[in-house]
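Residues per chain, in single letters:
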Amino acid sequence: MNLALQQEQPRQNYEVTVCLKSNGSLVDGVGIHVKDTNAEMGYVLNFKKYG
């Protein structure tokens, strides 16, 4: 995660990670970028975790 993006005013970038509850390992990530009235969303999946 880019911590500097959290300080933007107004905030335009959001990043979220998904971790396994059992051991805390990173599984997935989602990012959202907002500009004016538009937004983009991207994601990263770790297919090894899903079998």
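Residues numbered from 1 in each chain as written. Predicted model: local features only at pLDDT ≥ 70, side-chain atom pairs only at ≥ 80, totals over all residues. Heavy atoms only, no water.

Enquirer: Is there a simple way to explain the overall build of the chain in this structure?
Expert: Each helix and strand counted, the chain has zero helices and three strands in total. Seen in sequence order, the chain has helices and strands lined up from the N terminus as β-β-β. Against the globule reference of 10 Å for 51 residues, the chain gives a C-alpha radius of gyration of 13 Å, more extended than a compact globule. By principal-axis analysis of the C-alpha atoms, the chain measures approximately 40 × 20 × 15 Å. Counting all 51 residues of the chain, 10% fall into the buried class. Considering only residue pairs separated by 6 or more positions, the chain has 3% of its internal contacts joining residues 24 or more positions apart. For the chain, the exposed surface amounts to about 4,500 Å²; the carbon and sulfur share of it is 56%. Across the chain, 5 positive and 5 negative side-chain charges occur, with their mean positions spaced 13 Å apart. (Helix = DSSP H or I, 4+ residues; strand = E, 2+ residues; numbered from the N terminus. Rg over C-alpha atoms; globule rule 2.2 N^0.38 Å. Buried < 20%, exposed > 50% of the residue type's maximum accessible area, 1.4 Å probe, protein only. Contact = heavy atoms within 4.5 Å. Areas by Shrake-Rupley, 256 points an atom, 1.4 Å probe, with all protein chains shown as cover. Lys, Arg positive; Asp, Glu negative; His and termini not counted. Charge placed at Lys NZ, Arg CZ, Asp CG, Glu CD.)

Enquirer: Which parts of the structure should I look at to understand unusual backbone geometry?
Expert: A negative phi holds for most residues other than glycine; trans holds for most peptide bonds. Here Asp 36, not a glycine, exhibits a phi torsion of approximately 55°, which is positive. Examined against the element boundaries, Asp 36 turns out to sit in the loop between strand E2 (26–35) and strand E3 (38–45).

Enquirer: When you look at the side chain of Asp 28 in this model, what are you seeing that I'm missing?
Expert: On the secondary structure map, Asp 28 appears in strand E2. On the basis of relative accessible area, Asp 28 is assigned to the buried category, the value being 10%. Reaching out from Asp 28, the side chain makes a polar contact with the backbone nitrogen of Asn 46 at a distance of 3.4 Å. (Polar contact = N/O pair within 3.5 Å; in protein donor to acceptor, adjacent residues only side chain to side chain.)

Enquirer: What am I meant to see in the confidence of the model for the chain here?
Expert: Close inspection of predicted coordinates is inappropriate for parts of the model with low pLDDT. Chain-level pLDDT for the chain is 84 on average; 90% of the residues reach the 70-or-more range. Within the chain, the lowest mean pLDDT, 87, falls on strand E1 (residues 13–19), and the highest, 92, falls on E3. (pLDDT = per-residue confidence, 0-100.)

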